Amino acid sequence: MNATATSEPTPTAEIPLTRQEKEKLLTKMYFRQDWIELIRLFGYQTLPMEQARQAIKPLAEKFGKEPLAAACEVLIEISTPGKETVA
């Protein structure tokens, strides 16, 4: 069995943030309603990509596609363990 056939997700490299960048991120996470609802939607769980897209749709309609896409870029990690893409 080769290393690429395992179902373990590959760890992503952590990007070091300055104190100011961390404060900006935390402010968004705790005070922007779109970010709060996105975080509550996922929690610490992994969702199949199609299920995640369907769950995010109402939030995109409520808060706007662009602001929610920007939040997703920061908060959601997308990986493909095996054959299925998950968020």
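Below, the structure is looked at part by part. Here the structure is a predicted model, which means the values were calculated and not measured.

### Comments concerning the packing of helix 3 (residues 49-63) against helix 4 (residues 65-75)
Thought 1: Where helix 3 meets helix 4, the closest approach of the two axes is 7 Å, and the angle between their N-to-C directions is 130°. On the basis of the axis angle, helix 3 is oblique to helix 4. Residues I56, L59, A60 and F63 of helix 3 form the contact with helix 4, whose own contacting residues are K65, P67, L68 and C72.
Thought 2: Residue composition of the contact of helix 3 with helix 4, grouped by class: seven nonpolar, no polar and one charged.

### Quick word on the pattern of salt bridges
Thought 1: Under the defined criterion, the tally for this structure stands at four salt bridges.
Thought 2: We note a salt bridge from E23 to R19, for which the minimum N-O separation is 3.3 Å. Of this pair, E23 and R19 both sit in helix 1 (residues 19-31), four residues apart, which is roughly one turn of the helix.
Thought 3: The closest approach of N and O atoms between R53 and E50, which form a salt bridge, is 3.8 Å. Taken as a pair, R53 and E50 lie in helix 3 at a separation of three residues, close to a single helical turn.
Thought 4: Classification of R53 as partly exposed rests on a relative accessible area of 47%.

### Here we look at a nonpolar patch on the surface
Thought 1: There is a patch of nonpolar side chains on the surface, built from L26, Y30 and F31 and spanning about 400 Å² of accessible area.
Thought 2: Considering the arrangement of structural elements, one finds L26 in helix 1.

### Section: the nonpolar core
Thought 1: Among the nonpolar cores identified, the biggest contains 13 residues, and L38, F42, A52, I56, C72, I76 and A87 are the most heavily contacted of them.
Thought 2: Per-element tally for this core: the top contributor is helix 3, with four residues.
Thought 3: Not counting residues up to four positions away in its chain, the partners in contact with A87 are F42, Q45, T46, L47, M49, A52, I76, E77 and I78.

Definitions and limits used
Residues numbered from 1 in each chain as written. Predicted model: local features only at pLDDT ≥ 70, side-chain atom pairs only at ≥ 80, totals over all residues. Heavy atoms only, no water. Axes fitted to C-alpha atoms, helices over the stretch in contact; angles between N-to-C directions. Helix = DSSP H or I, 4+ residues; strand = E, 2+ residues; numbered from the N terminus. Parallel < 35°, antiparallel > 145°, perpendicular 65-115°, else oblique. Contact = heavy atoms within 4.5 Å. Nonpolar A, V, L, I, M, F, W, Y, C, P; charged D, E, K, R; others polar. Salt bridge = Lys/Arg side-chain N within 4 Å of Asp/Glu carboxyl O. Buried < 20%, exposed > 50% of the residue type's maximum accessible area, 1.4 Å probe, protein only. Patch = residues over 30% accessible without salt bridge, like charges linked within 9 Å, V, L, I, M, F, W, Y side chains within 5 Å. Areas by Shrake-Rupley, 256 points an atom, 1.4 Å probe, with all protein chains shown as cover. Core = buried A, V, L, I, M, F, W, Y, C linked by side-chain atoms within 4.5 Å.

Any link to function would need more than the numbers given here.
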